[in-house]
Structure formats: structure tokens, C-alpha cells
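Residue-level structure breakdown
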Amino acid sequence: MTRNPRDADGPDKAAKFARVTRRGATAEAVAGIQDLIRGGKLKAGERLPTERELAEALGLSRPTVREAIQALAAMNILDVRHGSGIFVASLDLSTLLAPLWFALELTEPAFDQLYEVRIVLEPYAAQLAAARATPGDLAAIQDAFKPISDVGLDRDTRLAADVILHRSIIEASHNDLLVGVVASLGVLARKSRELTVELPDREAQAVEEHRALVDAILRRDPEAARHAMHRHLSNVYLDAQQHRTEMFGSGEVLGTSLPPRHAT
């Protein structure tokens, strides 16, 4: 007799889903499935019971369960494969945070908010990199800096080199959550780089700022590395704000997030 693939998971597969109250049923169903994933009872790639089985296990109507599944799919938590079933998605950070990228790209102050986030996360990543980088990490950072050290690169090469250097430093922090969160800002960060790479006199200054940053990491000086990254991002942001003000006559410099301009 041919066995139904669902039977491989056992007859009590839906038993892990506790019944929820009718009040706020969709929200509670969403939260309940999220809790099962957080608790490890549902793992990335695992197939869930059918919609009908979920409805019975949760004590909800099928339309309510369908709404919960659609909401979780929109959050990239569930993967609905028509003809195959409902699966827990890969749960990697870049996928989970993709809706955030879209939301940020739609907002007018996204550029300012991006630098508010970067000015907090990346200096800390540089500090960790100076303390935790392996010999391989240090070699990768040095290799990433080499093309940046050549003033006169074309725009696209400079953009790519800047991305690689920052990524190498962040990965050397050996904090997977931090790496994932910063990586999730990649699309928006690239757009900001496309603006700042065009700024007059920014290239030569960026070379020196990056040099100070790399030197601090190679010396394994966490505080100097943190300060160097903070200074670099602050100066880039302030230059970009000045350029935007000159071009469009608007733009506020962030209040307390960024210090006055630092000389290299």
C-alpha cells in the first residue's frame, strides 16, 4: 500500500498545536505558530499539517487559519507551496527582514534612518572585529582595502570595494545576528552609497578614513576601531546632508546621533 507522505510525520503531528480562543483568533494563531518555531517544535523546512488539520487542532475555522497562514507567509515565516503543502521557511535573517527593506525604501527619511542604524551597529562590529578577527579575517580585510587605497577608481569599482570592505569587517565580528541585521540593510545601504560616492572630495577622505579603520583592526585595538568606523560614517553622512541641502535646499542633520566633523 502506498503511504501518504504526511503519515511519515506520525498521526499526532497536529497535536502540538494548542487550541486558541475565538477572540483575536487570527492574531493568536499567528502568535501560536511563531511560538512553536521559537521553541524549536517547528523547524526550518518542516511541513505543517494541512489547513484543515490546523483548523481542527487550533479549534478555529478554516478561513481564520487561512488568514494566519497568509500573514505568516507575508512575513516570510511560512512558505506555501501549492500542491506540496505549508512549510516553515528558511528563517534566515535576510529573508525575514526583506519586508523591512521595502518599508524603508518607501519612506522619505529612509536615508537618515539608515545612518542612525549604521552609526550604532557598524562601529560596534568594528570593535568586535578588532577583538575577534582570525588571521583569515585580517587577511580578508587587508585584501578588501587594497582596491580602496587606489584613488581614481571608477564609480562602480569604488562602490563594490566599499561594500566588500565593510562586509569583511562586519563578518569578522563573529556575531551572526549582527552580520544578518547589517546585511538586511544591504539594498538601502547601496542606494545611499550611490549618492555619497558622487560627492566632491569624498574619495580621498574615504581612503584615509578606511585606512585608519583597517589599521586599528590590524593592531587589535577595539576602541580605536570603533572610533574610526564612527568617524567615517559620521563624515559620510554629514557630507551627504550638506550635498542634499545644496542640491535641494532641505535636509536636517541628525540631532545627537552624529558628532561634529572629525578630521582624519
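Below you will find a few notes about this structure. (Residues numbered from 1 in each chain as written. Predicted model: local features only at pLDDT ≥ 70, side-chain atom pairs only at ≥ 80, totals over all residues. Heavy atoms only, no water.)

1. Structural notes on the nonpolar core
In terms of nonpolar packing, the biggest core is built from 28 residues, with Ile141, Leu165, Ile169, Leu213 and Ile217 touching the most fellow members. Counting residues per element, the ones that place at least two in this core are helix H6 (110-132), helix H7 (135-148), helix H8 (155-171), helix H11 (202-218) and helix H12 (222-248). Among the elements that take part in this core, H12 stands out by supplying eight residues, more than any other. When residues no more than four places from it in sequence are discounted, the contact partners of Ile141 are Leu165, Ser168, Ile169, Ala172, Val214 and Ile217. By size, the runner-up hydrophobic cluster in this structure holds 20 residues, among which are Ala29, Val65, Ile77 and Leu78. (Core = buried A, V, L, I, M, F, W, Y, C linked by side-chain atoms within 4.5 Å. Buried < 20%, exposed > 50% of the residue type's maximum accessible area, 1.4 Å probe, protein only. Helix = DSSP H or I, 4+ residues; strand = E, 2+ residues; numbered from the N terminus. Contact = heavy atoms within 4.5 Å.)

2. Some remarks on the packing of aromatic side chains
Two aromatic rings, taken as a pair, are described by how far apart their centres are and by the angle between their planes. All told, the structure shown has one aromatic pair when counted by the stated rule. When the ring centre of Phe87 is taken as origin, the NZ or CZ atom of Arg81, which lies over that ring, is 3.9 Å away. (Phe/Tyr/Trp six-rings, centres within 6.5 Å; stacked < 30°, edge-to-face > 60°. Lys NZ or Arg CZ within 6 Å of the ring centre and 35° of its normal.)

3. Comments concerning unusual backbone geometry
For residues besides glycine, phi is generally negative; the peptide bonds are generally trans as well. Phi angles above zero are rare outside glycine, and His174 is one such case at about 55°. Relative to the helices and strands, His174 resides in the loop between H8 and helix H9 (176-184). By relative accessible area, which is 43% here, His174 ends up partly exposed. Phi at Arg220 is positive, roughly 55°, even though this residue is not glycine. Topologically, Arg220 is positioned in the loop between H11 and H12.

4. Quick look at the side chain of Ser173
Among the secondary structure elements, Ser173 is positioned in the loop between H8 and H9. Residue classification places Ser173 among the buried residues on the basis of a relative accessible area of 0%. When near neighbours in sequence (up to four residues on either side) are disregarded, Ser173 contacts Ala125, Leu128, Ala129, Arg132, Leu178 and Val179.

Scope: geometric values only; no functional claims are made or implied.
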